[in-house]
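Analysis of the macromolecular model
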Amino acid sequence: AQSVTQPDIHITVSEGASLELRCNYSYGATPYLFWYVQSPGQGLQLLLKYFSGDTLVQGIKGFEAEFKRSQSSFNLRKPSVHWSDAAEYFCAGRRGSARQLTFGSGTQLTVLP
Amino acid sequence: EAGVAQSPRYKIIEKRQSVAFWCNPISGHATLYWYQQILGQGPKLLIQFQNNGVVDDSQLPKDRFSAERLKGVDSTLKIQPAKLEDSAVYLCASSLGERGDEQFFGPGTRLTVL
């Protein structure tokens, strides 16, 4: 089945430290991939998306993600985490011809002062 | 620009009761989505509308869930009768195009079924 997997349920980092959240996909062709963030009591907000082209994608709030076909991965990174980044992060994907977006199960990020 | 609006924000009901959720998408967005997000999981698409027509309802439990989008704008999702396992956050999202390349989400309705 075509899907998106987030292997880490919960990650804790100190403020100012770097961050990498993992996402693996299992689509046959090049998928369309997304990262969303969900703060408590709020809806999801799009951080960035990858359709084709440059494999390093820049997003909002200082986030970036790199598409690696050889590893079937689309990991989210940030060089220096702020306390306000504490939230739940969802990777999502779809095949190029599909309408439906499939979400991973999410990674909860805790930021220590 | 106003975002996606949803109401109510919270709802507590007993099993076998009925409940309805309302969504007002971003103006001009042709596509509207309803997702179910169970605690600890990612959102799961229940139904997708393109204008006022259904384009995907393959994961909607049609024996108890129904949805409509009147005049291609507002939408209502109904559960009748509710079961304990329906406890979840129900998210509404909208997008300009059909492919949902950038979906804008509302704050969700948290449903608790006792």
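Just so it is clear, the structure is predicted and the values come from calculations on it, not from any experiment. Position labels on residues start from 1 in each chain and follow its written sequence. Here the convention is simple: chains get letters from A, ligands get numbers from 1, in the order in which they are written. Whole-chain, interface and lining totals are the exception, using all residues; otherwise, since this is a predicted model, local features are given only for residues with pLDDT of at least 70 and side-chain atom pairs are given and counted only at 80 or more. Only heavy atoms go into the side-chain values, all of them from the structure, while hydrogens and water stay out.

1. Notes on the packing of aromatic side chains
Within 6.5 Å between ring centres, the rings of Phe, Tyr and Trp (the latter by its six-membered ring) count as paired, and their orientation is classed by plane angle as stacked under 30 degrees, edge-to-face over 60, tilted in between. All chains considered together, the criterion is met by 16 aromatic pairs over all chains. Relative to F105 of chain B, the ring of Y36 of chain A has its centre 5.6 Å away and its plane inclined at 80°; by these criteria the two rings are edge-to-face. Of the two residues, Y36 of chain A sits in strand β5 (residues 32-38) while F105 of chain B sits in strand β10 (residues 104-105), which places them in two different chains. Relative accessibility under 20% of the residue-type maximum defines a buried residue, over 50% an exposed one, and the middle range a partly exposed one, all with a 1.4 Å probe and only protein chains included. Judged by its relative accessible area of 0%, Y36 of chain A falls in the buried class. Helix and strand definitions follow DSSP, with helices as H or I runs of at least four residues and strands as E runs of at least two, each counted in order from the N terminus.

2. Overview of the sheet that holds strand β7 (residues 65-69) of chain B
Hydrogen bonding along the main chain pairs the strands of a sheet, whether they run parallel or antiparallel. Residue and element names in this part refer to chain B. What the four strands build is an open sheet, ordered β1-β3-β8-β7; its pairing is antiparallel. Looking at the sheet topology across the chains shown, the edges are occupied by β1 (5-7) and β7. Put simply, the sheet's adjacent strands are angled 15° from each other on average, direction ignored. Any two strands with at least two DSSP-identified bridges between them are counted as paired. Two strands pair when backbone bridges link them, and strand β3 (residues 19-24) and strand β8 (residues 75-79) are joined in this way by five bridges, in the antiparallel orientation. Bridge pairing in β8 places C23 opposite S75. In this description, a line fitted to the C-alpha atoms serves as the axis of each element, helices being fitted only across the stretch in contact, and the angle between N-to-C directions of two axes falls anywhere from 0 to 180 degrees.

3. Side note on the pairing of strand β9 (residues 88-95) of chain B
All names here are of chain B. Most of β9 sits out of view: eight of its eight residues are buried. With burial as the criterion, each face of β9 is covered, one bearing A88, Y90, C92 and S94 and the other bearing V89, L91, A93 and S95. In terms of strand pairing, strand β4 (residues 31-37) meets β9 through seven bridges, oriented antiparallel. If you follow L32 over to β9, its bridge partner there is S94. Here β9 pairs with strand β11 (residues 109-113) via three bridges, running antiparallel. From the neighbouring strand, V89 faces β11, where its bridge partner is R110. Direction of pairing for β9 relative to β10: antiparallel, over a ladder of two bridges. Bridge pairing in β10 links S94 to F104.

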